[in-house]
Amino acid sequence: MTTEKVRHALHRAVTEGGVPGILAEARQGDSRWFGADGTADRETGRERRQEDRFRIGSITKTFVATVALRLTAEGTLNLNDTVEKWLPGLLHGNGHDGSSVTLAQLLNNTSGTVNYTDDTETLQQTGSCTPEELVRMALAHPAPFAPGTDWAYSNTNYILAGLIIERATGRPLVEGIVRHITGPLGLSGTYLPRGDDSSIAGPHSRHYTKLHSPDPDAEIYDATELDPTPYWAAGAMISTAGDLNRFFRALLGGRLLPAPQQAEMFTMVPTKDWLPGTTYGFGISSLTLTEGRTLWGMAGALFGSWTCAYGTRDGRHVLTVNLNADWANAPWDDPLALLTEVLAAQFQPDEAADRTASGAAAGTAHR
C-alpha cells in the first residue's frame, strides 16, 4: 500500500495549500493505514487524530440513496414512484410537477428540480428550517429542464428523497440510516444530527472556513458548530475516515444491496457542470484520475470541511481524505484539486511506475 507519497501529499496540503489540517485513512485488503498533517485546532495546536469526526457534506447522499434502495428491495418503495404519490402537492409550480418526477430521477439528479442551495441569499437569511421549507425555496425558481431530459446536481433532490423515505416508513430518516447502515456495519462515529443540534458529538477537529472568499488572506472563521437543518438529507451527516472506509468497502463490495439494487445504484449517467472526470449513479460517482484510473465513491463539502471517499470498484482498496478547511492556496486553488492529488498519490503512482518500467523493458512495441 502506498504511504510515503500520500504522506508527502498531506504535508504539501498544509505547507503549500495553507489548510489547517488534513487526515487520510486507507484500507487495502486486510491492511489499514492512517496519516495526518497540520492541526485539528489552531488555538491549541492539537494534531488531527484517527478517531476525529467531521461533517461529510454530500457523502450523506450515498447513505440516503442506499436506504432508499434497501426499501425498494423490501417492496416499501419503487424507483418509479412519483414525488406526488408520497408528497402530494409539495413539488408543484414554476415548471415543477411532482407527478412527473420519479424517485429514480431524484437519486440520479435527472429530475430537473432546482437546487435550493444555489439561492445563497435566501439560504443565508434562513435560520433553522424544515425540509419542506427548503423545497419551497427551490420552487421560487423555474425548473431548468423537464424530468429525465438532462442532468444537474441538485440538493433539493435528496431533501425530497429523505421526505419520501420518512413518509413511506413512517419513521424519521435517521432511524432508517441506523437500521440499514450504521447499525449493521457498526459505524459508531457516524450519524445524522437530530433537529437543529449544531454540535459534533465525540472527538472532532475544529472546522475552519473563509466563507467562499477566493482571497488567500481572507479572514478565517470557526464553523464547527453549525445548524444542520438547511442541509439535512442532502449533506448534514457526520462521520470518521474509518467509518467511511468501512461503509464504502461494504457498498462497493456488494454487501449492502441485493444484486438488482446494486445494478441500479451503479447505472451511471454523464454529469454536467459538476466535478470534472465524473459520472453519477444513485448517490455514487465515478472519478477518473488524469492517468486513467477510475475510482468510485463520493465527495462532500460543508463550511470548514471537505471530504473525498473513493475506492476500487470491488471495494477492496479505499481511501478517505478530509480537510478541516474549505480552501486551498496555489498551486491547487480549490480543495477538490488538492484532495484529488491525495487520491492520485494513493492509487496511481506505483502502478504508473510499474507500467513505465515494463514498457521500457519491452521497447516501444505498444506505443
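Refer to the structure printed above.
Residues numbered from 1 in each chain as written. Predicted model: local features only at pLDDT ≥ 70, side-chain atom pairs only at ≥ 80, totals over all residues. Heavy atoms only, no water.

### Looking at the overall build of the chain
Here is step 1 of the chain: When helices and strands are tallied, the chain shows 13 helices and 14 strands.
Here is step 2 of the chain: Along the three orthogonal principal directions, the C-alpha set of the chain runs to about 65 × 55 × 35 Å.
Here is step 3 of the chain: Here the chain holds 367 residues, and the buried ones make up 55% of them.
Here is step 4 of the chain: Put simply, of all contacts in the chain between residues at least 6 apart along the chain, 69% involve residues at least 24 apart. (Helix = DSSP H or I, 4+ residues; strand = E, 2+ residues; numbered from the N terminus. Buried < 20%, exposed > 50% of the residue type's maximum accessible area, 1.4 Å probe, protein only. Contact = heavy atoms within 4.5 Å.)

### Considering the sheet that holds strand β12 (residues 294–302)
Here is step 1 of the chain: Reading across the sheet, the eight strands line up as β2-β1-β14-β13-β12-β11-β10-β9 and stay open at both edges, with antiparallel pairing between neighbours. Every other strand in the sheet has two partners, leaving β2 (31–38) and β9 (269–270) as the edge strands with one partner each.
Here is step 2 of the chain: By the bridge criterion, seven bridges tie strand β1 (residues 21–28) to strand β14 (residues 317–323) in an arrangement that is antiparallel. Residue pairing in the sheet places Ala 26 in a bridge with Leu 319 of β14. (Pairing = 2+ DSSP bridges.)

### Regarding the pairing of β1
One face of the sheet, then the other: side chains in a regular strand alternate in exactly this way.
Here is step 1 of the chain: Counted residue by residue, β1 has seven buried out of eight residues, so it is predominantly covered.
Here is step 2 of the chain: As paired elements, β1 and β2 share eight bridges and run antiparallel to each other. Bridged to Ile 22 within β2 is Asp 37.
Here is step 3 of the chain: The loop that links β1 with its antiparallel partner β2 comprises two residues; one of these, Gly 29, has a positive phi angle of about 60°.

### Thoughts on helix α1 (residues 4–15)
Working note: α-helix, 3.6 residues per turn, so residues spaced by three or four point in the same direction.
Here is step 1 of the chain: With twelve residues, α1 ought to run about 16 Å at 1.5 Å a step, and its terminal C-alpha atoms sit 16 Å apart, in line with that.
Here is step 2 of the chain: Within the span of α1, buried status applies to Val 6, Ala 9, Leu 10, Arg 12 and Ala 13. Buried residues of α1 fall within an arc of 160° about the axis and therefore sit on the same side. More than 90 degrees from the buried face of α1, the exposed residues found are Glu 4 and His 8.
Here is step 3 of the chain: Summarising the contacts, the buried residues of α1 are in contact with β1, β2 and α12 (335–347). (Expected span 1.5 Å × (residues − 1). Arc of directions from axis to C-beta.)

### Description of unusual backbone geometry
Among all residues save glycine, negative phi is the norm, and among peptide bonds the norm is trans.
Here is step 1 of the chain: The step from Ala 330 to Pro 331 runs through a cis peptide bond, and the omega angle for that step is 15°.
Here is step 2 of the chain: Mapping Pro 331 onto the fold places it in the loop between β14 and α12.
Here is step 3 of the chain: You will see that Trp 232, though not glycine, has its phi angle at about 35°, which is positive.
Here is step 4 of the chain: On the secondary structure map, Trp 232 appears in helix α9 (residues 232–235).
Here is step 5 of the chain: For Trp 232, a relative accessible area of 13% corresponds to the buried category.
Here is step 6 of the chain: Backbone geometry places Asp 273, a non-glycine residue, at a positive phi of 55°.
Here is step 7 of the chain: If you trace the backbone, Asp 273 turns up in the loop between β9 and β10 (278–280).
Here is step 8 of the chain: Asp 273 gets classed as exposed once you look at its relative accessible area, which sits at 77%.

### Looking at the packing of aromatic side chains
Here is step 1 of the chain: Within this structure, the stated rule accounts for nine aromatic pairs.
Here is step 2 of the chain: Ring plane angle 85° and centroid distance 6.3 Å describe the contact between Tyr 153 and Tyr 280, whose orientation is recorded as edge-to-face. With Tyr 153 in the loop between α6 (131–139) and α7 (155–169) and Tyr 280 in strand β10, this residue pair connects regions lying 127 residues apart in the sequence. Tyr 280 carries the same exposure label as Tyr 153, and that label is buried.
Here is step 3 of the chain: Ring centres of Phe 266 and Trp 296 lie 5.9 Å apart, and the angle between their planes is 65°; this geometry places the pair in the edge-to-face category. Separated by 30 residues along the polypeptide, Phe 266 in the loop between α11 (259–265) and β9 and Trp 296 in strand β12 bring together distant segments of the chain. (Phe/Tyr/Trp six-rings, centres within 6.5 Å; stacked < 30°, edge-to-face > 60°.)

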